[in-house]
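What the coordinates show
Below, each chain spelled out in residue letters.
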Amino acid sequence: MTDESAPPPDSASTAWAVVLAGGEGIRLRPLTRQVFGDERPKQYAPLIGGESLLRQTLGRTQRLIPAERTVVVSQEPHAPWLAAELDAARRPKVLLQPENLDTAAGVLLPVYWVNSRDAAAIVVVFPSDHFVREDTVFLAHVAEVVAFVERNPGWIVLLGARATEPDTEYGWIEGGDVVGSTTGGPVTRVARFREKPTPRA
């Protein structure tokens, strides 16, 4: 839930936001079907707090990056749910794919769209189905990473959460050489991506 009372972190003045909202939310579909009586993916459902995960994401994002530099990418079948979640006064640009084309295409389409309008843009990608408990801490970290990329143009920086326990549903990123730092810790090269572990790994 967005902490509206907390002061926002420094604005990411050069950044654009891309919000990914085209996923199907298959694992939670039985729950959303039971609660809402339809096939809506979890990002359009107010499962935690009074707002949907997408609306929470947009509220959080707009504390750092204005709506006019925010692009939501989804798919045509989601259009009715998406329209119900957008604030008419601070409406982001919406790009709809004909169907779910997975994450790579969901990122590439809006990045090309942004690049055609602002070739020097720093693009921050926000999934719309993540629950973030500490908005202000998270956004301050994102602002620091944007500043890092401003100093190191051309870099792609991936934010990860430190694991607290083994989980076969998630892969992980193995860090390499340290190339910089933020108040949240070092910025490292990616040594490798590890796929989802088996229970015996």
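Residues numbered from 1 in each chain as written. Predicted model: local features only at pLDDT ≥ 70, side-chain atom pairs only at ≥ 80, totals over all residues. Heavy atoms only, no water.

**Quick word on the pairing of strand 6 (residues 185-194)**
Relative to strand 6, strand 5 (residues 172-182) runs antiparallel, the two sharing 8 bridges. Its bridge partner being in strand 6, Ile173 is matched across the sheet by Phe193. Count of turn residues in the strand 5/strand 6 antiparallel hairpin: 2 residues. (Pairing = 2+ DSSP bridges. Helix = DSSP H or I, 4+ residues; strand = E, 2+ residues; numbered from the N terminus.)

**Digging into unusual backbone geometry**
Positive phi outside glycine occurs at Asp102, with the angle close to 75°. Inspection of the secondary structure puts Asp102 in helix 4 (residues 102-115).

**Quick notes on a nonpolar patch on the surface**
Together, Leu158, Ile173, Val190 and Phe193 line one region of the surface with nonpolar side chains, adding up to about 370 Å² of accessible area. With respect to the helices and strands, Val190 occurs in strand 6. Among the residues examined, Val190 registers a relative accessible area of 42% and is labelled partly exposed. (Patch = residues over 30% accessible without salt bridge, like charges linked within 9 Å, V, L, I, M, F, W, Y side chains within 5 Å. Areas by Shrake-Rupley, 256 points an atom, 1.4 Å probe, with all protein chains shown as cover. Salt bridge = Lys/Arg side-chain N within 4 Å of Asp/Glu carboxyl O. Buried < 20%, exposed > 50% of the residue type's maximum accessible area, 1.4 Å probe, protein only.)

**Concerning the sheet that holds strand 4 (residues 122-127)**
Read across the open sheet, the 4 strands follow the order 3-2-1-4; overall the sheet is parallel. Looking at the sheet topology across the chains shown, the edges are occupied by strand 3 (93-97) and strand 4. On average, each strand axis in the sheet is tilted by 25° relative to the strand beside it, whichever way the strands run. Bridging between strand 2 (residues 70-75) and strand 3 involves 5 bridges; their strand directions are parallel. Directly across from Ser74, in strand 3, lies its bridge partner Leu96. Docked against the sheet, helix 4 engages strand 1 (15-20), strand 2, strand 3 and strand 4, running at close to 135° with respect to strand 3. This element, helix 5 (residues 135-151), spans strand 1 and strand 4 of the sheet and lies at about 150° to strand 4. (Axes fitted to C-alpha atoms, helices over the stretch in contact; angles between N-to-C directions. Contact = heavy atoms within 4.5 Å.)

Geometry only, nothing functional implied.
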